[in-house]
Amino acid sequence: SVGGLPDGIVDTDMLAANAVTAAKATGITPWTRNAAFSPSSVQVSEVVDVGSIPADAVEILVEWTDISSAGNEDLCFQFGTSGGIVTSGYNSRDSYTVNGGNSVVQDRSSVVRCSVDPGTGNSVSGYMRMHHVNGNVWVYHGMCESSNQTARHGVFTGDVSLGGALTTIRFRCNADSGFDTGTARVSWRVG
């Protein structure tokens, strides 16, 4: 007979390690990771804009560790298009829990905010995951924690409809004092 195996009999156990190349891995989209950066070394007038996000991105991961603001403020995000940074229309909710069980919930329309403990000497680590729904609508969620383990631990979630394709993620502090330490990374997957 003409060569080949019957359809459907090859499973993962039959494949040798590293046998599937990127060219053969149809339907699997790898992550594109930018180099880690320090917001304090690349900030321009208190904000850091991470651009070059492709128009066909369907999933974005933002990670940060030991971020600290110069003015003891919460870390915030805004999203941008080719028309600029979007400053309204966010359906965002963040909450934090203070040691002892007290919780605070806040709604936001101008930023995505990681509410934790911005006190002197504290830093924040966490992540935000974003998913492209349709058109220019993105949903997002994330978690963050303060280096002060007796302080706050926060979560946030929401959605935003942008006026165009997402091109930029802006890192900022809630009162724009700027950053003094920390490392961050933005990764995306296209579809």
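Preceding this paragraph is the structure being described.
Residues numbered from 1 in each chain as written. Predicted model: local features only at pLDDT ≥ 70, side-chain atom pairs only at ≥ 80, totals over all residues. Heavy atoms only, no water.

J.: Mind laying out the overall build of the protein, listing which residues take part and the relevant values?
T.: When you go through the protein residue by residue, the secondary structure sums to one helix and 13 strands. Listing each helix as α and each strand as β along the protein from the N terminus yields β-α-β-β-β-β-β-β-β-β-β-β-β-β. Among the 191 residues that make up the protein, the fraction classed as buried is 38%. (Helix = DSSP H or I, 4+ residues; strand = E, 2+ residues; numbered from the N terminus. Buried < 20%, exposed > 50% of the residue type's maximum accessible area, 1.4 Å probe, protein only.)

J.: How would you sum up the state of the cysteines? Please name residues and give values.
T.: One pass over the structure, following the stated rule, counts one disulfide. The disulfide partner of Cys114 is Cys144, and the S-S distance across this bridge is 2.1 Å. With Cys114 in strand 8 (residues 112-114) and Cys144 in strand 10 (residues 137-146), the pair connects residues that are 30 residues apart, well separated along the chain. Classification of Cys114 as buried rests on a relative accessible area of 1%. (Disulfide = S-S within 2.5 Å.)

J.: With reference to specific residues and values, describe the sheet that holds strand 11 (residues 152-161).
T.: An order of 1-13-3-9-10-11-6-7 is seen for the eight strands of this open sheet, with the pairing classed as antiparallel. Edge strands, defined here as strands with exactly one partner in the open sheet, are strand 1 (32-33) and strand 7 (103-108). Direction of pairing for strand 1 relative to strand 13 (residues 179-190): antiparallel, over a ladder of two bridges. Each bridged residue has a counterpart across the sheet, and for Arg33 the counterpart in strand 13 is Ser187. (Pairing = 2+ DSSP bridges.)

J.: Let's hear about the environment of Val112: which residues, and what values?
T.: Here Val112 lies in strand 8. A sequence separation of 30 residues divides Val112 from Gly142, and the C-alpha atoms of the two residues are 9.9 Å apart. Excluding residues within four positions of it along the chain, Val112 makes contact with Leu75, Cys76, Phe77, Phe79, Tyr90, Ser92, Met128, Tyr140 and Phe156. (Contact = heavy atoms within 4.5 Å.)

J.: I'd like a rundown of the side chain of Ser68, residues and numbers included.
T.: Mapped onto the elements of the fold, Ser68 is located in strand 3 (residues 57-69). A relative accessible area of 12% means that Ser68 is categorised as buried. With near-sequence residues (within four places) excluded, Ser68 lies in contact with Asn122, Ser123, Phe179, Asp180 and Thr181.

J.: Tell me what's going on with the environment of Pro39, and back it up with residues and numbers.
T.: Of note, Pro39 is situated in helix 1 (residues 39-42). Taking the C-alpha atoms as reference points, Pro39 and Ile67, 28 residues apart in sequence, are found 8.0 Å from one another. Leaving out residues up to four positions away in the same chain, Pro39 has contacts with Val48, Ile67, Phe179, Gly182, Thr183 and Ala184.

J.: Describe in detail the nonpolar core, supporting the description with residues and values.
T.: Membership of the largest hydrophobic core comes to 34 residues, with the highest contact counts inside it found for Ile60, Trp64, Phe77, Phe79, Met128, Ile169 and Phe171. At five residues, the largest contribution of residues to this core is made by strand 3. What Phe77 contacts, discounting residues up to four positions off in sequence, is Val62, Trp64, Val111, Val112, Met128, Ile169, Arg170 and Phe171. (Core = buried A, V, L, I, M, F, W, Y, C linked by side-chain atoms within 4.5 Å.)

J.: Which residues make up the pairing of strand 13, and what values go with them?
T.: In the sheet, strand 3 pairs with strand 13 via 10 bridges, with the strands oriented antiparallel. Within strand 13, the residue paired with Ser69 across the bridge is Phe179.

J.: Outline the pattern of salt bridges, listing residues and values.
T.: Scanning all chains against the criterion turns up eight salt bridges. Between Arg170 and Asp49 there is a salt bridge, with the nearest N and O atoms lying 2.7 Å from each other. With Arg170 in strand 12 (residues 168-173) and Asp49 in strand 2 (residues 48-50), this residue pair connects regions lying 121 residues apart in the sequence. Overall, the relative accessible area of 39% leaves Asp49 in the partly exposed class. Across the pair Arg129 and Glu59 runs a salt bridge whose closest N-O atoms are separated by 3.0 Å. Within this pair, whereas Arg129 is found in strand 9 (residues 124-134), its partner Glu59 is found in strand 3, the two being separated by 70 residues in sequence. The exposure class of Glu59 is buried, given its relative accessible area of 9%. When salt bridges that share partners are traced, they join Glu59, Arg129 and Arg189 into one network. (Salt bridge = Lys/Arg side-chain N within 4 Å of Asp/Glu carboxyl O.)

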